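Geometric and topological summary
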Amino acid sequence: MTGTWEPIREAHSIESVAAVVQFPSALNDAMLRKMLRAADANADKMNLPIRETMTGFQLNIGPTGPLAAAVATVDHAPMLGVVFKRNEIATVGGLPTTVAVEEFQLGRQALVYTTVHYDRWRLFKERLAALLTPVLSAALSGANVAHLRLEYRDRFIFSGEVDAADTADLLRVDSELVAPHVFAQKQMWHSHTGMFVVAPGAERRLVQILVDAQDIKTATDQTPRRSISLITGIQDFFQVEGLESKEQETPVLIDQFEALHRASKELFKKMLTDVAKQRIGLLEEVRS
Amino acid sequence: VTQNLASNPRLVVQHWDPEEAAHPRAIKGNSFAVSSAAQQFVLPRANGGTAIWATALVSAIDSALTATDIDHACARIRSFENFDTDWDGEGAEAPNPELLNAALRFLRRLQPWHPTPSATLDAYGQPVIEFRDHDASFFGKVRFISQTQVALFASTGREESYIEGDLASADVLRFLSDQIQVTLQP
């Protein structure tokens, strides 16, 4: 009856990361095409060779538990628009299959970049900037940005029997971001919380912490394992109309993601026990 | 489970057949689109997995992604196949079928968000694809001079530029992307 909480990746627990740029209203055809041309001209260089046009409803189906594929953010379901992406062969539910590991979605209302390949923040930000800069520059010639969102999805899986999984070994019992009832809960549970906070460079900031416990099985391991996923969503809203609105610039907006990242990291650290932080190297600033 | 899309802008169905979850290839990957014209969609039988279907942000995108102009240009190129010598009454050469095919192959590589193409024919029987974009106030032209060679011209109103070469060459592809805003996939 032993086991440990293991992160979904070898060096860290990040299952996927998404960055969202939301416009206050739907862009017109001319603006959308301008953005698409900018993305198109950059896509092959960025190694996103597949273009898919979504003009209908999208249905995502996958096995319970960890999905090694780019997933929609909490804020954004898959959009109608064009997706530039890269597929790789990965193991999902114990079976090799083709999954989208990196996606850049362009729609009338938003730009969404999602990846399951996270190494270091500096590399992520460089790639995000390389993808966003031409597209966002095209968009800002005729539109504003209403909010930016950065969303981390982390996941830990308990290696032992489900009954032996102790949430308190992973999450701090005294964390104000996790509902206290989950520590005595043997069945599956949710702990979702959120708040607005003051943020420099933004009108206001939304913080969302969504923690979920599931029991998962894979095709190769039919023994249920307790899995805990943590979504840390940080979203900065901007005043885009009226006297308080400011002219927006691409580099400034991209730099704002740095602030979202730092806020996200601090919140994440507040939730984890020292043992868990040690396990994923967060004490050594792996996420920096 | 059957749900009406019109009355369910967001639906999360939990617990579906783990047999299908374990065989994503059997359901053609883990993601696919349902036509926007669909009124109903039947989800797999419920029992132990997760299916998520979402229709948030349903702003029609079709108007920005229509390929009608590309189709029209293709049809016009095909119509040139019936042209004879002196088709313009001023001694023009008959179109070269190989060049018409090259122009068609090029048109089929265009994306709906590229500038609007239109097809024409010059006095030497060479097909020409012209690009206009009223919003960007520029004009571009691709002339097919052999099965692989093209001559490109672009004007932004302030400056004009020209290049000639193989359509597969890096220089020509870069010119197309930078000057005419047409990025072709390899």
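Residues numbered from 1 in each chain as written. Chains lettered and ligands numbered in written order. Predicted model: local features only at pLDDT ≥ 70, side-chain atom pairs only at ≥ 80, totals over all residues. Heavy atoms only, no water.

1. Re the confidence of the model for chain A
For chain A, per-residue confidence averages 87 on the pLDDT scale, and 87% of positions sit at 70 or higher. Within the model, pLDDT remains below 50 along residues 62-68 of chain A, and this stretch shows 28 contacts once partners closer than five positions in the same chain are excluded. (pLDDT = per-residue confidence, 0-100. Contact = heavy atoms within 4.5 Å.)

2. With respect to the side chain of His114(B)
Residues and elements named next belong to chain B. With respect to the helices and strands, histidine 114 occurs in the loop between helix H3 (97-108) and strand S6 (116-121). Histidine 114 gets classed as buried once you look at its relative accessible area, which sits at 4%. A distance of 2.9 Å separates a polar atom in the side chain of histidine 114 from the backbone nitrogen of glutamine 111. (Helix = DSSP H or I, 4+ residues; strand = E, 2+ residues; numbered from the N terminus. Buried < 20%, exposed > 50% of the residue type's maximum accessible area, 1.4 Å probe, protein only. Polar contact = N/O pair within 3.5 Å; in protein donor to acceptor, adjacent residues only side chain to side chain.)

3. Some thoughts on the sheet that holds strand S9 (residues 149-155) of chain B
By definition, the strands of a sheet pair up through backbone hydrogen bonds, in either a parallel or an antiparallel sense. Residues and elements named next belong to chain B. One open sheet holds the five strands; their spatial order is S6-S7-S8-S9-S10, and the pairing between them is antiparallel. This sheet does not close on itself; its edge strands, each paired only once, are S6 and strand S10 (160-166). When the angles between neighbouring strand axes are averaged without regard to direction, this sheet yields 15°. Note that S9 and S10 share seven bridges and pair antiparallel. In the sheet register, valine 150 faces S10, and the bridge partner there is glycine 165. Helix H2 (residues 68-79) contacts S6 and strand S7 (127-133) of the sheet and is inclined by roughly 10° relative to S6. (Pairing = 2+ DSSP bridges. Axes fitted to C-alpha atoms, helices over the stretch in contact; angles between N-to-C directions.)

4. Quick look at the nonpolar core
The nonpolar side chains of a soluble globular protein tend to be buried, and buried together. Within the largest apolar cluster, 76 residues are counted, with the highest numbers of intra-cluster contacts made by Phe84(A), Phe104(A), Leu111(A) and Phe257(A). Here this core gets nine residues from one element, more than from any other, and that element is helix H2 (residues 121-140) of chain A. (Core = buried A, V, L, I, M, F, W, Y, C linked by side-chain atoms within 4.5 Å.)

5. Section: unusual backbone geometry
Residue and element names in this part refer to chain B. Despite not being glycine, aspartate 86 has its phi angle at roughly 65°, a positive value. Mapped onto the elements, aspartate 86 comes out in the loop between H2 and H3. Although it is not a glycine, glutamine 181 adopts a positive phi angle of roughly 60°. Looking at the secondary structure, you find glutamine 181 in the segment after helix H4 (170-179).

6. Structural notes on H3(B)
All names here are of chain B. Its twelve residues place the ends of H3 17 Å apart at the C-alpha level, agreeing with the 16 Å of an ideal helix rising 1.5 Å per residue. Within H3, the full set of buried residues consists of Leu99, Leu100, Ala102, Ala103, Leu104, Phe106 and Leu107. Looking at the packing, one finds that the buried side of H3 touches H2, S6, S7, strand S8 (138-144) and H4. In this structure asparagine 96 caps H3, since a side-chain oxygen of it lies 2.8 Å from the backbone nitrogen of glutamate 98. (Expected span 1.5 Å × (residues − 1).)

7. Describing the packing of aromatic side chains
The geometry of an aromatic ring pair is captured by the separation of the ring centres together with the interplanar angle, meaning the angle of the planes. Residues and elements named next belong to chain A. This structure, assessed with the given rule, holds twelve aromatic pairs over all chains. Here the aromatic rings of tyrosine 113 and phenylalanine 124 are separated by 5.6 Å at their centres, their planes lie at 40°, and the arrangement is tilted. Taken together, the residues span a long stretch of sequence, with tyrosine 113 in strand S7 (residues 110-115) and phenylalanine 124 in helix H2 at a distance of eleven residues. According to the relative accessible area criterion, tyrosine 113 is buried, its value standing at 2%. Three or more aromatic residues link up through ring pairs in this structure, and these residues are Tyr113, Tyr118, Trp121, Phe124 and Tyr152. The positively charged end of arginine 204 is found above the aromatic ring belonging to phenylalanine 196, 4.5 Å away from the centroid. Just above the ring of phenylalanine 237 sits the side chain of arginine 204; from NZ or CZ to the centre is 4.9 Å. (Phe/Tyr/Trp six-rings, centres within 6.5 Å; stacked < 30°, edge-to-face > 60°. Lys NZ or Arg CZ within 6 Å of the ring centre and 35° of its normal.)

8. Some words on the environment of Lys45(A)
Along the chain, Lys45(A) turns up in the loop between helix H1 (29-43) and strand S3 (50-54). A relative accessible area of 68% places Lys45(A) in the exposed class.

9. A closer look at the pattern of salt bridges
Residue and element names in this part refer to chain A. Enumeration over the complete set of coordinates arrives at 24 salt bridges over all chains. For lysine 125, the salt bridge goes to aspartate 255, with nearest N and O atoms at 3.0 Å. Of this pair, lysine 125 sits in helix H2 while aspartate 255 is found in helix H3 (residues 250-271), placing the two residues 130 residues apart along the sequence. Residue aspartate 215 is joined to arginine 226 by a salt bridge in which the shortest nitrogen-to-oxygen separation is 2.5 Å. With a gap of eleven residues between them, aspartate 215 in strand S10 (residues 204-216) and arginine 226 in strand S11 (residues 225-237) connect regions that are remote in the sequence. Residues joined in a network through salt bridges with shared partners are Arg86, Glu88, Glu102 and Arg127. (Salt bridge = Lys/Arg side-chain N within 4 Å of Asp/Glu carboxyl O.)

10. Describing H1(A)
Here H1(A) is 15 residues long and its end C-alpha atoms lie 20 Å apart, about the 21 Å a rise of 1.5 Å per residue gives. When we look at burial in H1(A), the residues that qualify are Met31(A), Leu32(A), Met35(A), Leu36(A), Arg37(A), Ala38(A), Ala39(A), Asp40(A), Asn42(A) and Ala43(A).

11. So, the packing of H2(B) against H3(B)
All names here are of chain B. Where H2 contacts H3, the two axes come as close as 10 Å, and the packing angle between them is 170°. Regarding the angle of H2 to H3, the classification is roughly antiparallel. For the pair H2 and H3, contact is made by Ile70, Ala73, Cys74, Ile77 and Arg78 and by Leu100, Ala103, Leu104, Leu107 and Arg108, respectively. (Parallel < 35°, antiparallel > 145°, perpendicular 65-115°, else oblique.)

12. A look at the side chain of Arg205(A)
Residues and elements named next belong to chain A. Turning to its location among the elements, arginine 205 is positioned in strand S10. Residue classification places arginine 205 among the buried residues on the basis of a relative accessible area of 8%. Within the structure, arginine 205 has its side chain in polar contact with the side chain of aspartate 236 (distance 2.6 Å). Discounting chain neighbours no more than four positions away, the residues touching arginine 205 are Met195, Phe196, Val197, Ala199, Ile234, Gln235, Asp236, Gln256, Ala259, Leu260 and Ala263.

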